[in-house]
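Now for the letters of each chain:
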Amino acid sequence: MSVANKEFKPLIVAFCCNWCSYAGADLAGTSRLAYPAEVKIIKVPCSCRVNPLFALRAFQKGADGVIICGCHPGDCHYSTGNYYTRRRITLLYSLLDYLGIEKGRTHLEWVSAAEGTKFAATMNKFVETIHELGENVRLEDLRCKSE
Amino acid sequence: MQRIGVFVCHCGTNIAGTVDVAEIVEMAKPEPGVVHAAEYPYMCSEAGQNMIINAVKEHNLSGVVICSCSPRMHEATFRKAAEKAGLNPYMVEIANIREHCSWIHKDKAEATQKALTLTRAAIAKVQLNSPLFPDESPVTKRALVIGGGIAGIQTALDIADAGFEVDIVESTPSIGGKMAQLDKTFPTLDCAACILTPKMVDASAHENITLYTYSQVDKVEGFVGDFTVTIRKKARSVDFEKCTGCGACSEKCPSKKSPSEFDQGLCTRPAIYTPFAQAVPNVPVIDREACLKFKTGKCGLCETVCAPKAINFEQEDELVERKYGAVVMATGYEPVSLDKFGEYSYDSSPDVITSLEFERLTNAAGPTGGALTRLSDKRKPKSVTFIQCVGSRDVTQRGKAYCSKICCMYTAKHAMLIKEKYPDIEVNIFYIDVRTPGKAFDEFYRRAEDEYGVRYIKGQVGKVIDNGDHLQIQAVDMLDNKKMELQTDMVVLATAIEPVESAKSIATMLTASIDTNNFMTEAHPKLRPVESPTAGVFLSGVCQGPKDIPETVAQAGAAAAKVIGLLVKDKLMSNPCTAKPDELYCNGCSVCENVCPYGAISYEDCEVNDHGVREVRRVAQVNKALCQGCGACAVTCPSGAMDLQGFSNRQIQAEVDAICR
């Protein structure tokens, strides 16, 4: 990976829906498809369980990127959940834009249970984007810093 | 404060190879709430589970974190172990340090650090877990099988024999599917019809099986144990009860120009037809697009000749709503379209045919009575050339990347069938690899080559040119690494197979997932191959992946066993991770009701005690039997009154905080 600042270890929170993307991440693991260890996955039943506030919370606590993965449109286990996600995340983009947070720090991607390759590729690309954007300092609550 | 136990699995070297397990144990101990931490080579083994059970009792644990493989793998195992120890099973959280960590990272320090973070997140979550109790829901003791080919028939027969009622929905006028079109079957050369038609008759005669032919699934609602399905019985224009199946109508029908679907368009059929002689049920349908009565209003000959007065031009589609406990997908396959494979001249030359068309040509019940003739000039070919992997193992965008699995064997079968009937016909087969893994398969292929003198050429065909009298094949012989030309009279293309087009929409209705090739996804590719990840939906036959008839029948039986295992239960435990409103915060705005895909939320006037003030308010109520726990309502609620048990706002935030620590 081409990284300008080798010292920078980004912190990335990934929300994956139980039925497609989490299984896609499992498949990436089973297939030994590497992606950076900076990505930490939180399991949610559906991408629509991801409150945009969770992303804000992550940024506030020092995350450099937040990625949300769900089933492909039309394939949602709960029929319509990912449509809500799509709308909510679009609004989140606007809010983050208003706050001055780069749009690239949040990302929404559809990954099915069979797309282990896509999961790994998505994470690799996202981590690269975060490397390009550098450390997130704008929304970070400095009081959260330990030192 | 919870009393948490952390158990770290080595998984042999799968985890311990890249994650320092001992360090995870040490680092977990000072975490808030953790009173015990231990490691074990195989946590899922009986000894590992006993270790957890004993620790729960010894240390009086109230929550358990297992650092191991994916929860999709062993969450149920560990929850059961916790239950044995007297703990509520929902007090267990899994930190996935195998699939999400040790298997994808090589650097030990980095992987250990990540595993620790994931462990901390799980500890933080379990701190906020509370015991959950599943509700019981009833099971409708009836199964639906979608698709009436050999997969669907076998599944239905097995379920019916166990004493449960089964409905088969088949889109064409008869059950039988692709197997009914075949001539012989490999590797025994059994006659397909001889072994299939008795099963078709069994299915139709079985007291527990109801056939819905010429029908389709329009709508699916509900969930495991309690699906409500709307079946559309397309208008047959023939009264099912009155028809005797005499066939007089088809005989007299003046509109006989429609291509026969059953014969792959190699011959025509009347507008009122049964697809084939042994059709089950033996009741014809009127193809309204071809029927003169429907097109011009004149004719009605069939009505005149029908002695039992079964013809009914006014018949309309009928919608039937039924309840089922389980649904089996058995939708099967179609050969892929050859539109993008112009080099084989399939569209332009009648003497280039697909394998399924060849099955009809060589079948005694087929359009030529089993005589092998060129479609262009009705001449018996002197030489027939087969091309394998047409559209299979094709990594360009036009084909399928997977192996269709059945083509090598049926092509060897076709070659043998030709040689049996006409030893003088020369048979060539172009192949990439000959794949014959199966009982008596390789012997079968070698017989074709050694005993029958079939010429196998390792090579790919670049072009087929029809020059009237003959077909000219340009190819590369890969063993000699030379260009070659071959003159032949007939070309048979071993066309790749893909799931039927409707599989995708049916899967969507069932909220069952499909892969990038539209094959149904299994709950686990190795351990749960006949179940869909969606509870209550089972998979039978090629809808799950390419397979031959014995494999299909085996899978059909396996799917039936799973269905029977479900239907014998009187009650199912529902998922307790459901939405729960806080009446104090709910302002009755109805936003959650609008986003719920299951109609699980309603509003009731309830007496609420708001800090000592008692008043009646309109507040949300969740029907736990209907709620599937997606969490859409919890996010949409403007006042934060709605939350999802097991994935609460505080739990997920705690995980975020732990990861960002």
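Here is what the cut-offs are and how they apply
- Residues numbered from 1 in each chain as written.
- Chains lettered and ligands numbered in written order.
- Predicted model: local features only at pLDDT ≥ 70, side-chain atom pairs only at ≥ 80, totals over all residues.
- Helix = DSSP H or I, 4+ residues; strand = E, 2+ residues; numbered from the N terminus.
- Expected span 1.5 Å × (residues − 1).
- Buried ≥ 20, exposed ≤ 12 C-beta atoms within 10 Å, placed from the backbone.
- Arc of directions from axis to C-beta.
- Contact = placed C-beta atoms within 7 Å.
- Nonpolar A, V, L, I, M, F, W, Y, C, P; charged D, E, K, R; others polar.
- Pairing = 2+ DSSP bridges.
- Axes fitted to C-alpha atoms, helices over the stretch in contact; angles between N-to-C directions.
- Parallel < 35°, antiparallel > 145°, perpendicular 65-115°, else oblique.
- Left-handed = near helix turned anticlockwise from the far one by under 90°.
- Domains from an automatic or database assignment.
- Core = buried A, V, L, I, M, F, W, Y, C linked by C-beta atoms within 7 Å.

## Topic: helix 3 (residues 71–84) of chain B
All names here are of chain B. Compared with an ideal rise of 1.5 Å per residue, which puts 14 residues at 20 Å, helix 3 spans 19 Å between its outermost C-alpha atoms and is within 8% of the ideal. If you check which residues of helix 3 are buried, you get Pro71, Arg72, His74, Phe78, Arg79, Ala81 and Ala82. All buried residues of helix 3 lie within an arc of 160° about the axis, which places them on one face of the element. Backbone geometry just after helix 3 places Gly86 at a positive phi near 90°.

## Concerning the interface of chain A and chain B
Often, the extent of an interface is quoted as the loss of accessible area on bringing the components together. In this complex, chain A contributes 43 residues to the contact, which on the side of chain B involves 42 residues. Looking at which element gives the most residues to the side of chain A that touches chain B, the answer is helix 1 (residues 21–30) of chain A, with six residues. Of the residues belonging to the side of chain A that touches chain B, the class tally is 24 nonpolar, ten polar and nine charged.

## Some words on the pairing of strand 25 (residues 482–488) of chain B
All names here are of chain B. In this structure, strand 24 (residues 471–477) lies alongside strand 25, joined through seven bridges in antiparallel fashion. Its bridge partner being in strand 25, Gln472 is matched across the sheet by Gln487. The hairpin turn running from strand 24 into strand 25, its antiparallel successor, is four residues long, and Asn481 in that turn takes a positive phi close to 55°.

## What about the sheet that holds strand 2 (residues 34–40) of chain B?
Residues and elements named next belong to chain B. In space, the four strands of this open sheet follow the order 2-1-3-4, with parallel pairing throughout. Only two strands of the sheet have a single partner each, and these edge strands are strand 2 and strand 4 (92–96). Geometrically, the sheet is characterised by an average inter-axis angle of 20° between neighbouring strands, direction not taken into account. In terms of strand pairing, strand 1 (residues 4–9) meets strand 3 (residues 63–68) through five bridges, oriented parallel. Each bridged residue has a counterpart across the sheet, and for Val6 the counterpart in strand 3 is Val65. Across the sheet, helix 1 (residues 21–28) is in contact with strand 1, strand 2 and strand 3; its angle to strand 2 comes to roughly 175°. Packed on one face of the sheet, helix 5 (residues 108–127) meets strand 1, strand 2, strand 3 and strand 4 and runs near 165° to strand 4.

## Brief notes about the pairing of strand 12 (residues 226–233) of chain B
Residue and element names in this part refer to chain B. Pairing between strand 11 (residues 215–223) and strand 12: eight bridges, direction antiparallel. From the neighbouring strand, Val220 faces strand 12, where its bridge partner is Val229. Turn length for the strand 11-strand 12 hairpin, with the two strands adjacent in sequence and antiparallel, is two residues, and the turn residue Gly225 shows positive phi of about 90°.

## Here's the deal with helix 4 (residues 116–133) of chain A
One full turn of an α-helix is made of 3.6 residues, so residues set three or four places apart face in the same direction. All names here are of chain A. Between its terminal C-alpha atoms helix 4 stretches 26 Å, which fits the 26 Å expected from 18 residues at 1.5 Å a residue. When we look at burial in helix 4, the residues that qualify are Gly116, Lys118, Phe119, Ala120, Thr122, Met123, Phe126, Val127, Ile130 and His131. On the buried face of helix 4, the contacting elements are strand 1 (12–17), helix 1, strand 2 (39–44), strand 3 (65–70) and strand 4 (106–110). One or two steps after helix 4, the chain reaches Gly134, where phi turns positive at roughly 80°.

## As for unusual backbone geometry
Residue and element names in this part refer to chain B. Put simply, Phe186 and Pro187 share a cis peptide bond, and its omega is -5°. Along the chain, the position of Pro187 falls in the loop between strand 8 (184–185) and strand 9 (190–191). Residue Pro281 is bonded to the preceding Val280 through a cis peptide linkage, with omega at 0°. Tracing the chain through its elements places Pro281 in the loop between strand 15 (272–273) and strand 16 (285–286). Backbone geometry places Tyr214, a non-glycine residue, at a positive phi of 50°.

## Considering the packing of helix 12 (residues 407–421) of chain B against helix 13 (residues 441–450) of chain B
Residue and element names in this part refer to chain B. Where helix 12 meets helix 13, the axes come as close as 9 Å, and the angle between the chain directions of the two elements is 40°. Here helix 12 is positioned oblique relative to helix 13, judged by the angle of their axes. Handedness of the crossing formed by helix 12 with helix 13: left-handed. Counted together, Met409, Ala412, Ala415 and Met416 of helix 12 and Phe441, Phe444, Tyr445 and Ala448 of helix 13 form the full contact between these two elements. A class-by-class count of the residues in the contact of helix 12 with helix 13 yields eight nonpolar, no polar and no charged.

## Quick notes on the sheet that holds strand 3 of chain A
One open sheet holds the four strands; their spatial order is 2-1-3-4 (chain A), and the pairing between them is parallel. Only two strands of the sheet have a single partner each, and these edge strands are strand 2 and strand 4 of chain A. Neighbour-to-neighbour, the strand axes of the sheet open up by a mean angle of 20°, direction not taken into account. Across the sheet, helix 1 of chain A is in contact with strand 1, strand 2 and strand 3 of chain A; its angle to strand 1 of chain A comes to roughly 115°. Contacts from helix 18 (residues 649–659) of chain B reach strand 1 and strand 2 of chain A, with the element oriented near 170° to strand 2 of chain A.

## Describing the domain arrangement of chain B
As far as domains go, chain B holds domain 1 (4–127), domain 2 (142–229 + 319–332 + 500–567), domain 3 (248–305), domain 4 (335–498) and domain 5 (579–645). A C-alpha centroid distance of 39 Å is found between domain 1 of chain B and domain 2 of chain B.

## Comments concerning the nonpolar core
Generally speaking, a soluble globular protein has its nonpolar side chains buried in company with each other. In terms of nonpolar packing, the biggest core is built from 124 residues, with Ala14 of chain A together with Val6, Val64, Val65, Ile66, Cys67 and Cys633 of chain B touching the most fellow members. Among the elements that line this core, the one with the most residues is helix 5 of chain B, at nine residues. Both domains that furnish three or more residues to this core are identified here as domain 1 (4–127) and domain 5 (579–645) of chain B. Ala160, Leu196, Ala448 and Ala494 of chain B belong to the second-largest nonpolar core, a separate cluster that totals 113 residues.

## Notes on the packing of helix 6 (residues 150–161) of chain B against helix 7 (residues 192–205) of chain B
If you want to describe how two helices pack, look at the angle between their axes and the distance between the axes. Residues and elements named next belong to chain B. Where helix 6 meets helix 7, the closest approach of the two axes is 10 Å, and the angle between their N-to-C directions is 50°. Taken as axis vectors, helix 6 and helix 7 run oblique relative to one another. Note on packing geometry: the crossing formed by helix 6 with helix 7 is left-handed. On the side of helix 6, the interface is formed by Ile150, Ile153, Ala156 and Leu157, while helix 7 contributes Leu196, Lys199, Met200, Asp202 and Ala203. Looking at side-chain class alone, the contact of helix 6 with helix 7 contains seven nonpolar, no polar and two charged residues.

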